[in-house]
Amino acid sequence: MPGAGGTPGSDADDVLRRWHATLAQRWVRLRATFLVAVQAGLAAAIAWFAVHDLLGHPRPFFAPIAAVIVLGASVGQRLRRAVELLVGVALGILVGDALIVLIGSGAWQVGLSVTAAMLAATFLGGGPVVVVQAASTGVLIATLAAPTGDFFYSRFFEALIGGGIGVLVMALLLPVNPFTLAERAAGPVLSLLAGGLRDCAAALADGDRQLASDALARLRAGEADVDHLEETLGAAWEVSTMAPVRWKTRAPLTQYVDAQVHVDRAVGNARGLARRAVSALTDAEPVPAELPDAIRALADAVVALRDELSAGAEPVRTRERARAAAGRAGAAHRAGTGFSGAVVVAQVRAIATDLLRATGLEQAAAESAVRHAVGDSETGSR
């Protein structure tokens, strides 16, 4: 007997769809991790070869492990953090080995190694990443056998060599494509912005206050994506600067870097627009048809910006649609709005300016283009 919730066939279809969705997500994660995994394996192999075969260390444990730590823990982060991790690993090894030679190993020696490593990292100006990594490496060292021979600091240099190789592999051998990083980070932000604007336009056109509230909530929740975009662009620019094989990406990547701050402002202004859309609907203010049209034109401009940045093209369509949005906003103002509606009009003009700035126009040129678009709409309405 089928359950009340559906038939056996529909349940099987749901399971199959969820399985396909899970498999697709895992495949996406696998593709994203593949290059990093290859980098880590390559760095570990080079570190072992360099210390074992070239320098003659019989058991170069710390060289490959330092290379893997630096590469694995710095995925999606900036090169500075990778170097911080390297310093933390090496410092923890140096302090731990020195204490083992002086006082032996045991429970209290482990505690003392951790304390000393953290204090040393702090004294040398290390940030939280360096301090934590130094402490965790101190634990590892204090629980291993003491270094043999008079040169207890050999494991310190071994870790430096391995970590340095990890940094070089990350920067020079098989470096990630910085343009792809930028594209993947910018896509969710621009899609969030376009979707929020479309929902606000639909809410104003249909008198749907809940839809406007939901759009505002999504725009607020998207702040993490905006922060991730800024961090990712910093990492991508470092790769494009350091890796010779990625130098050719600097020109199209510059468009993303220059646009980021203005996209950030556009998202902030879109939140303001959504708040005032909620207020306008709550107060039952008049909403001329031109106002939703203007916001829809803004959403079209955002989509055009996303596509043109991805293609590395001159953002001509973005500029055209941003100016069209400003013109429709001017027409909405002349048609008559309430207090909150007037603020929505102002936010449309502000976002249009932000988008024009994101296409590379200077502030004066962007503001002039918006004013002219509003003036042209006034002329056309007479």
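The rules behind the values
Residues numbered from 1 in each chain as written. Predicted model: local features only at pLDDT ≥ 70, side-chain atom pairs only at ≥ 80, totals over all residues. Heavy atoms only, no water. Helix = DSSP H or I, 4+ residues; strand = E, 2+ residues; numbered from the N terminus. Buried < 20%, exposed > 50% of the residue type's maximum accessible area, 1.4 Å probe, protein only. Contact = heavy atoms within 4.5 Å. Areas by Shrake-Rupley, 256 points an atom, 1.4 Å probe, with all protein chains shown as cover. Core = buried A, V, L, I, M, F, W, Y, C linked by side-chain atoms within 4.5 Å. Salt bridge = Lys/Arg side-chain N within 4 Å of Asp/Glu carboxyl O. Expected span 1.5 Å × (residues − 1). Lys, Arg positive; Asp, Glu negative; His and termini not counted. 1 Å grid on protein atoms, 1.4 Å probe; cavity = no way out; pocket = protein on both sides within 12 Å on 5 of 7 lines; lining within 4 Å. Points joined across faces, edges and corners; volume = space filled by probe spheres on them. Nonpolar A, V, L, I, M, F, W, Y, C, P; charged D, E, K, R; others polar. Patch = residues over 30% accessible without salt bridge, like charges linked within 9 Å, V, L, I, M, F, W, Y side chains within 5 Å. Axes fitted to C-alpha atoms, helices over the stretch in contact; angles between N-to-C directions. Parallel < 35°, antiparallel > 145°, perpendicular 65-115°, else oblique. pLDDT = per-residue confidence, 0-100. Left-handed = near helix turned anticlockwise from the far one by under 90°. Polar contact = N/O pair within 3.5 Å; in protein donor to acceptor, adjacent residues only side chain to side chain.

Before going further, it helps to spend a moment on the overall build of the protein chain. In terms of helices and strands, the protein chain carries 14 helices and zero strands. Helices and strands in the protein chain line up, N terminus first, as α-α-α-α-α-α-α-α-α-α-α-α-α-α. Taking all 382 residues of the protein chain together, 42% fall into the buried category. Across the protein chain, the fraction of contacts at a sequence separation of at least 24, relative to all contacts at a separation of at least 6, is 77%. Put simply, the protein chain shows about 18,800 Å² of open surface, and 62% of that area lies on carbon and sulfur atoms.

Our focus in this paragraph is the nonpolar core. The tendency in soluble globular proteins is for nonpolar side chains to be buried side by side. By size, the foremost hydrophobic cluster in this structure holds 62 residues, and its most contacted members are L197, L273, I295, L298, V348, I351 and L355. Taken together, the elements giving at least two residues each to this core come down to α7 (178–206), α8 (209–221), α9 (223–242), α10 (250–282), α11 (290–311), α12 (316–335), α13 (339–358) and α14 (363–381). Among the elements that make up this core, the one with the highest residue count is α7 (14 residues). Judged by nonpolar contacts, the second largest core, of 15 residues, contains V51, A63, V167 and V169.

The full count for this structure, using the stated rule, is eight salt bridges. Between D199 and R218 there is a salt bridge; the shortest N-O distance is 2.2 Å. On the criterion of sequence distance, the pair formed by D199 in helix α7 and R218 in helix α8 is long-range, its members being 19 residues apart. Since its relative accessible area comes to 21%, D199 is described here as partly exposed.

Time to look at α10. With 33 residues, α10 extends 48 Å from end C-alpha to end C-alpha; this agrees with the ideal 48 Å at 1.5 Å per step. Immediately downstream of α10, the backbone of A284 shows phi near 55°, a positive value.

With that settled, consider helix α6 (residues 154–172). Residues that lie three or four places apart on an α-helix share one face, since the helix turns once every 3.6 residues. Along its 19 residues, α6 runs 26 Å from first to last C-alpha, staying within 8% of the 27 Å computed at 1.5 Å per residue. If you check which residues of α6 are buried, you get R155, F156, E158, A159, G162, G163, I165, G166, V167, V169, M170 and A171.

Here we take up the side chain of D354. Considering the arrangement of structural elements, one finds D354 in helix α13. Within the buried set, D354 has no salt-bridge partner at all; the shortest N-O distance to an opposite charge, 5.7 Å, is to R265. Apart from residues no more than four positions distant in its own chain, D354 is found in contact with H262, R265, A266 and N269.

The next point concerns empty space enclosed by the protein. One pass over the full model with this rule turns up one cavity of 30 Å³ or more. Its boundaries defined by the atoms lining it, the largest cavity holds a volume of some 50 Å³. Taken together, A186, L190, L229, L233, Y256, A259, Q260, V263 and L309 form the lining of the largest cavity. Of all elements in the fold, only α7, α9 and α10 reach the threshold of two or more residues within the lining of the largest cavity. Its residues placed into classes, the lining of the largest cavity shows eight nonpolar, one polar and no charged.

Attention now goes to a nonpolar patch on the surface. Residues L42, I46, L168, L172 and L173 make up a contiguous nonpolar surface patch of roughly 380 Å² in combined accessible area. Every element with two or more residues in the nonpolar patch is listed here: α1 (8–54) and α6. If you trace the backbone, L168 turns up in helix α6.

The next thing to look at is the packing of α7 against α11. The relative placement of two packed helices is expressed as an angle between their axes plus a distance between the axes. Two elements in contact, α7 and α11, have axes whose closest approach is 8 Å; the angle formed by their N-to-C orientations is 170°. The angle between α7 and α11 places the two elements in the roughly antiparallel class. In terms of residue class, the contact of α7 with α11 is made up of 18 nonpolar, three polar and five charged.

Turning to the confidence of the model for the protein chain, a few remarks are in order. Per-residue confidence for the protein chain gives a mean pLDDT of 83, with 84% of residues at or over 70. Below pLDDT 50 for its whole length, residues 1–6 participates in two contacts with residues either more than four positions away or in separate chains.

Interaxial distance between α11 and α13 falls to 10 Å at its minimum, and their mutual angle equals 20°. In terms of orientation, α11 lies roughly parallel with respect to α13. Crossing of α11 against α13: the hand is left-handed. Only G341, V344, V345, V348, I351, A352, L355 and A358 of α13 make contact with α11, whose side of the interface consists of L291, A294, I295, L298, A301, V302 and L305. Among the residues making up the contact of α11 with α13, the classes are represented as 14 nonpolar, one polar and no charged.

Our next topic: the environment of S240. Within the secondary structure, S240 sits in helix α9. It is 6.2 Å that separates the C-alpha atoms of S240 and P178, two residues lying 62 residues apart in sequence. Beyond its immediate chain neighbours, meaning those up to four positions away, S240 contacts P178, R246, W247, T249, R250 and L253. Within the structure, the side chain of S240 is placed 2.8 Å from the backbone oxygen of W237, a separation counted as a polar contact.

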